[in-house]
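# Structure assessment
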Amino acid sequence: MTYTLPELSYDYASLEPNISARIMELHHSKHHQAYVTGANAALEAMAKARDEDNFAALPKLQKDLAFNLGGHINHSIFWKNLSPQGGEAAGELLEAIKDGFGSYEAFTKHFTAAAMGIQGSGWAYLAWDSIGNQLIIGQLYDQQGNLPVATLPLLMLDMWEHAFYLDYQNVKADYVKAFWNVVNWEDVAARFTNVKVQSKSLLLG
Ligand code: MN
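Residues numbered from 1 in each chain as written. Predicted model: local features only at pLDDT ≥ 70, side-chain atom pairs only at ≥ 80, totals over all residues. Heavy atoms only, no water.

## Focus on the coordination of the manganese ion
Taken together, the protein ligands of the manganese ion are H27 (NE2), H75 (NE2), D158 (OD) and H162 (NE2), with distances of 1.9 to 2.1 Å. Counting gaps between the donor residues of the manganese ion yields the pattern H-x47-H-x82-D-x3-H. Of this pair, H27 sits in helix α1 (residues 21–51) while H75 sits in helix α2 (residues 58–81); the two residues are 48 residues apart in sequence, bridging distant segments of the chain. (Donors = N, O, S within 2.8 Å, 3.2 Å for Na, K, Ca; no water. Helix = DSSP H or I, 4+ residues; strand = E, 2+ residues; numbered from the N terminus.)

If you want it as structure tokens, here you go:
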């Protein structure tokens, strides 16, 4: 199997009361696992289609791969973006947030609005735009749509109903508010440092 479910670095219950153990268990062991399984299945089916010279099967399989690999990547980032300790943005990342969005407060309002305004299922994200060399906020639809290639996510918030409904029902705003309590800013800052270095070679050589 090419893809495997990553272990979490914290217990399912450790994000309570912000995110319940029940949600974490279902979300990680069932939902995320389903994307891992689906991504592996899509790769296998593609290999089979090539072997059988059945290239007509590929467009559907490409969509399956994008959706499921998207789900696997998004959740893999999301788990690391969270920590029981929470914290605050600091250092170069905080400065870049202020440069990009005016103030930390304006950033959280913008990100929250992006999360709250998703129509259907999707994610809010803070990403590094590797051609503009700046931070951007966006809405990712489903697991793979509306994200420009070579924008590299630093902070992601799952706004699928499976991520919050057991705890917050329809009150998304309380879920987003709780999310800010458990953001692992050290992880976001580490991604920010890495991505700035990598994105130079990524696009421009
Ligand atoms: Mn999810």
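## Looking at the domain arrangement of the chain
Where interface size is quoted, it is often the accessible area lost as the parts come together. Domain boundaries in the chain define domain 1 (20–80) and domain 2 (91–204). Each of domain 1 and domain 2 has a C-alpha centre, and the two are 22 Å apart. The partner domain 2 presents 21 residues to the 17 residues of domain 1 that form the contact. In this assembly, domain 1 packs against domain 2 so that about 1500 Å² is buried in total across both faces, 62% of it on carbon and sulfur atoms. Of all residues in domain 1, the largest losses of buried area upon contact with domain 2 belong to I23, I77 and F78, amounting jointly to 36% of the total for that side. (Domains from an automatic or database assignment. Contact = heavy atoms within 4.5 Å. Buried area = accessible area lost by both parts, 1.4 Å probe.)

## Some points on the packing of aromatic side chains
For the structure on display, the rule yields 18 aromatic pairs. With a centroid separation of 5.5 Å and 40° between ring planes, the pair formed by F78 and W79 is classed as tilted. In terms of burial, F78 and W79 fall into one category: buried. Measuring from centroid to centroid gives 5.8 Å for F107 and W180, while their planes differ by 75°, and the two rings are edge-to-face. Here F107 is found in helix α4 (residues 104–116), whereas its partner W180 is found in helix α6 (residues 172–181), with 73 residues between them in sequence. On the basis of relative accessibility, which here comes to 0%, the residue F107 falls in the buried class. Exposure remark for W180: the relative accessible area of 18% places this residue in the buried category. Chaining the aromatic ring pairs together yields one cluster made of F101, Y104, F107, F111, F179, W180 and W185. (Phe/Tyr/Trp six-rings, centres within 6.5 Å; stacked < 30°, edge-to-face > 60°. Buried < 20%, exposed > 50% of the residue type's maximum accessible area, 1.4 Å probe, protein only.)

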